[in-house]
Amino acid sequence: GQSDNRTMQPTQAKSPKKGTKGSGKPQVRRRLSVMPGSISVESEAKLDGIAIGEDEAKATEMATGAFAKGGVVKEFTSLSRVGYVPFNNRKVNQDRYTEHPMFAGEKTKSLFGVFDGHGVHGHDVSQFLITHLPTLIAKGKNLEKHPHAQITRSFLAANAKLDKSGIDTTCSGTTAVVCYINGTRIYTCNSGDSRAIVATLQDGKIIAKGLSIDQKPELESERKRILENNGRVQACQDLDGNPVGPMRVWLKHQDIPGLAMTRSFGDKLAASVGVTCKPEILEYDLKEGVDQFLVLGSDGIWEFISNQEAADIVAAESTAKAAAKALVEEATARWKKEEEVIDDITATIVYLKGSKYPAMSK
């Protein structure tokens, strides 16, 4: 949500202050820890083959039992706060969220999404996506039988529609993290560095599990795709040639666009060197009484807050609104401490049926 953070020229980068994330060892986002039996990661080959039939073949046994009946969502809330850039009083919030507790006209289906726009027209792009992407997914004829293929097609169709919308996406785009829930199964569909987690209760303790993987140029599989498409991956440099900040995507012989993620909607320039909107789709099966709530957030949340910290902050609050406020305020405080700018910050919290949280609803 911060136009100057995502598209920095290498020459403009300045050395970070002591104690900021740019100093010391480079900040590399955590990989998802895949819990045995809980998340099936689609192979690259499967993701690339989006023809029906190459999709997952396992039986859909999800909408069965009392837990799934009438949907697994108990309560939800979202909060989005505009960031801060010095000398820019007119900065707009480029984050968007979408909430569909009853999705595609069915009580057993829900969809929640967070979109983090970037570049000059980032807010137009994220707004376009919340307007069109849920509809495209809901209308998909094969959503029930072939969710991976259908959702992937919907992402690509939304991007094609965006291309014809008149919005200038040369150097503007948006991330998307979407949780589509069917019965007790969550499909987390991710393009970019927004993130979703689930908080589970284990031996009376809240344990956070990642539902998505941040798609950054640091990831070997993502970097490989950029290089194969004639792109270049490197950090910005200070005047002495030292790397500053995260790895970014550039054209091979020009210092543009400097995108700090490897998947997004829009971003035509970056798309010419392998940045794609194609989502990575990970599955997770919810268990009643074990899985407590979901948190979806733009990277304004996750830049300085770990998955576990986010789950603990939410669990400590007695109402949904208080939980969202506490999480967004903690993220804001950490940005203030670490940086001169504050990114746009957005969080969606979805409490699940049978959850002990928020405390007031016990």
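Refer to the preceding data block for the structure.
To keep things clear, this report deals only with the structure shown in the data block.

About the cut-offs
Residues numbered from 1 in each chain as written. Predicted model: local features only at pLDDT ≥ 70, side-chain atom pairs only at ≥ 80, totals over all residues. Heavy atoms only, no water. Helix = DSSP H or I, 4+ residues; strand = E, 2+ residues; numbered from the N terminus. Buried < 20%, exposed > 50% of the residue type's maximum accessible area, 1.4 Å probe, protein only. Contact = heavy atoms within 4.5 Å. Core = buried A, V, L, I, M, F, W, Y, C linked by side-chain atoms within 4.5 Å. Pairing = 2+ DSSP bridges. Axes fitted to C-alpha atoms, helices over the stretch in contact; angles between N-to-C directions. Phe/Tyr/Trp six-rings, centres within 6.5 Å; stacked < 30°, edge-to-face > 60°. Parallel < 35°, antiparallel > 145°, perpendicular 65-115°, else oblique. Left-handed = near helix turned anticlockwise from the far one by under 90°. Nonpolar A, V, L, I, M, F, W, Y, C, P; charged D, E, K, R; others polar.

### Quick look at the overall build of the protein chain
Part 1 of the argument: On a plain count of helices and strands, the protein chain comes out with 10 helices and 16 strands.
Part 2 of the argument: Within the span of the protein chain, comprising 362 residues, buried residues form 54% of the whole.
Part 3 of the argument: Residue pairs in contact within the protein chain that sit at least 24 positions apart in sequence constitute 71% of those at least 6 positions apart.

### Let's talk about the nonpolar core
Among soluble globular proteins, nonpolar side chains are generally buried collectively.
Part 1 of the argument: Within the largest apolar cluster, 31 residues are counted, with the highest numbers of intra-cluster contacts made by Ile206, Phe293, Ile301, Val314, Leu327 and Tyr351.
Part 2 of the argument: Counting residues per element, the ones that place at least two in this core are strand E8 (195-202), strand E9 (205-210), strand E15 (291-297), helix H8 (299-302), helix H9 (307-315), helix H10 (320-338) and strand E16 (345-352).
Part 3 of the argument: The leading source of residues in this core is H10, at eight residues.
Part 4 of the argument: Counting residues in hydrophobic clusters, the runner-up holds 23 residues, among them Phe155, Val178, Cys277 and Ile281.

### Points about the sheet that holds E15
Part 1 of the argument: Sheet architecture is open: five strands sit in the order E2-E16-E15-E8-E9, paired in antiparallel fashion. Edge positions in the sheet fall to strand E2 (73-81) and E9, since each of these pairs with one other strand and no more. When the angles between neighbouring strand axes are averaged without regard to direction, this sheet yields 20°.
Part 2 of the argument: Strands E8, E9, E15 and E16 of the sheet are contacted by H9, whose axis makes an angle of about 135° with E9.
Part 3 of the argument: Across the sheet, H10 lies against E2, E15 and E16, angled at about 145° from E16, the strand it touches most.

### Details of the sheet that holds strand E11 (residues 243-251)
Part 1 of the argument: Across the sheet, which stays open at both edges, the three strands sit in the order E10-E11-E12 with antiparallel pairing between neighbours. In this open sheet, the two edge strands, each paired with only one partner strand, are strand E10 (231-237) and strand E12 (257-259). Strand-to-strand, the axes of this sheet are offset by a mean angle of 45°, without reference to chain direction.
Part 2 of the argument: Direction of pairing for E11 relative to E12: antiparallel, over a ladder of two bridges. Note on E12: the bridge partner recorded for Val249 is Leu259.
Part 3 of the argument: Where helix H6 (residues 220-228) meets the sheet, its contacts fall on E10 and E11, and the angle it forms with E10 comes to roughly 115°.

### Here we look at the packing of aromatic side chains
Part 1 of the argument: For the coordinates displayed, the defined rule picks out seven aromatic pairs.
Part 2 of the argument: On the basis of an interplanar angle of 65° and a centroid distance of 6.0 Å, the ring pair of Phe103 and Tyr180 is categorised as edge-to-face. Taken together, the residues Phe103 in the loop between strand E3 (95-100) and strand E4 (109-118) and Tyr180 in strand E6 (residues 176-182) connect sequence positions 77 residues apart. Each member of the pair, Phe103 together with Tyr180, is buried.
Part 3 of the argument: Look at Phe155 and Phe265: their rings are 5.3 Å apart centre to centre, the planes differ by 35°, and that puts the pair in the tilted class.

### Digging into the packing of H9 against H10
Part 1 of the argument: Two elements in contact, H9 and H10, have axes whose closest approach is 8 Å; the angle formed by their N-to-C orientations is 135°. By the angle between their axes, H9 is oblique relative to H10. In this structure, H9 crosses over H10, and the sense of that crossing is right-handed. Side by side, H9 and H10 meet where Glu309, Ala310, Ile313 and Val314 of the first sit next to Ala323, Ala326, Leu327, Glu330 and Arg334 of the second.
Part 2 of the argument: Classifying every residue of the contact of H9 with H10 by side-chain character gives six nonpolar, no polar and three charged.

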